[in-house]
Amino acid sequence: MNERKYGSGGSRHVPAGLERVLAAEVSLPSRMRHLAVGLAGLCGAGLITVLWATEPETLPVRTQAAFGSLIAVGLAWAAFTAWALSRRRPLFAQDRVVGACLALAATATTTAAGVALAAVRATPAAALTTGLTGALLTAVAGVALVRARGRRRELLRVREELEGRREVL
């Protein structure tokens with residue numbers, strides 16, 4: 001596909017600004033952050049799995065559901081990392097959008113479960129505190145998603161602009 005677009009032997013000139021942006025998308029620090037997130041998710045899922053498996057007695061259904069959910073979230077972050085690190089080309093910020101969606105889903109689900117649990121087991125003040133904290137974290141994840149989508153839109157716009165210039169040349 002690239003040979004058809006760029007020719008088989010021709011070199012491609014990449015504007016300095018775009019080269020800097022693309023280098024940041026695939027830089028070692030960026031990949032290390034992805035790796036840290038994936039390892040944290042995998043370690044968390046593994047730890048909860050071991051804790052669950054070594055319980056001497058059967059856990060209540062709600063506890064099993066909570067453990068299963070936390071394991072699923074950890075494995076989702078590990079899968080996200082594997083996907084992001086397996087890409088050999090710039091993602092045009094698609095990894096940020098996927099990560100922000102995952103963060104938003106995890107925080108919203110955790111907030112709902114936490115508020116429901118606090119409403120049943122704790123005081124109204126504890127339920128309110130849990131709800132407000134969860135709402136704040138969910139809002140932060142929502143802002144991250146909006147910013148990630150904006151970044152992706154901007155990179156795709158730059159790509160389309162450069163492809164338009166290339167066709168003129």
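Residues numbered from 1 in each chain as written. Predicted model: local features only at pLDDT ≥ 70, side-chain atom pairs only at ≥ 80, totals over all residues. Heavy atoms only, no water.

Participant: Residue-level account of a nonpolar patch on the surface, with values.
Facilitator: Residues Leu28, Met32, Leu35, Leu39 and Leu85 make up a contiguous nonpolar surface patch of roughly 430 Å² in combined accessible area. For the nonpolar patch, the leading source of residues is helix H3 (residues 28-53), giving four residues. Mapped onto the fold, Leu28 is located in helix H3. Overall, Leu28 belongs to the exposed group, its relative accessible area being 59%. (Patch = residues over 30% accessible without salt bridge, like charges linked within 9 Å, V, L, I, M, F, W, Y side chains within 5 Å. Areas by Shrake-Rupley, 256 points an atom, 1.4 Å probe, with all protein chains shown as cover. Salt bridge = Lys/Arg side-chain N within 4 Å of Asp/Glu carboxyl O. Helix = DSSP H or I, 4+ residues; strand = E, 2+ residues; numbered from the N terminus. Buried < 20%, exposed > 50% of the residue type's maximum accessible area, 1.4 Å probe, protein only.)

Participant: Break down the packing of aromatic side chains for me, citing the residues and quoting the values.
Facilitator: Summed over all chains, the structure comprises three aromatic pairs. On the basis of an interplanar angle of 35° and a centroid distance of 6.2 Å, the ring pair of Phe80 and Trp83 is categorised as tilted. Of this pair, Phe80 and Trp83 both sit in helix H4 (residues 61-86), three residues apart, which is roughly one turn of that helix. According to the relative accessible area criterion, Phe80 is buried, its value standing at 9%. Aromatic ring contacts, followed pair by pair, group Trp77, Phe80 and Trp83 into a single cluster. (Phe/Tyr/Trp six-rings, centres within 6.5 Å; stacked < 30°, edge-to-face > 60°.)

Participant: Before we move on, can you summarise the nonpolar core with the specific residues and values?
Facilitator: With five residues, the main nonpolar core is built from Ala45, Ile48, Leu59, Phe67 and Ile71. In this structure Phe67 touches Ile48, Leu51, Trp52 and Leu59, once residues within four positions along its chain are discounted. (Core = buried A, V, L, I, M, F, W, Y, C linked by side-chain atoms within 4.5 Å. Contact = heavy atoms within 4.5 Å.)

Participant: Which residues make up the environment of Gly142, and what values do they have?
Facilitator: Mapping Gly142 onto the fold places it in helix H6 (residues 124-168). Separated by 34 residues in sequence, Gly142 and Ala108 place their C-alpha atoms 9.7 Å apart.

Participant: Outline the packing of H4 against helix H5 (residues 94-121), supporting the account with residue identities and numerical values.
Facilitator: Running from amino to carboxyl end, H4 crosses H5 at an angle of 170°, the nearest separation of the two axes being 11 Å. On the basis of the axis angle, H4 is roughly antiparallel to H5. For the pair H4 and H5, contact is made by Arg62, Val73, Ala76, Trp77, Phe80, Trp83 and Ala84 and by Gln94, Asp95, Val98, Gly99, Leu102, Ala103, Ala106 and Arg121, respectively. Broken down by class, the residue content of the contact of H4 with H5 amounts to 10 nonpolar, two polar and three charged. (Axes fitted to C-alpha atoms, helices over the stretch in contact; angles between N-to-C directions. Parallel < 35°, antiparallel > 145°, perpendicular 65-115°, else oblique. Nonpolar A, V, L, I, M, F, W, Y, C, P; charged D, E, K, R; others polar.)

Participant: Hey, could you go over the environment of Leu47 for me, with residue numbers and the actual values?
Facilitator: Relative to the assigned elements, Leu47 resides in helix H3. For Leu47, a relative accessible area of 62% gives the class exposed. Between the C-alpha atom of Leu47 and that of Ile71, which follows or precedes it by 24 residues, the distance is 8.9 Å.

Participant: Tell me about H4, residues and numbers included.
Facilitator: Spanning 26 residues, H4 covers 37 Å between terminal C-alpha atoms, matching the ideal 38 Å at 1.5 Å per step. Along H4, the residues classified as buried are Phe67, Ile71, Gly74, Trp77, Ala78, Phe80, Thr81 and Ala84. Those residues of H4 that are buried lie in contact with H3 and H5. (Expected span 1.5 Å × (residues − 1).)

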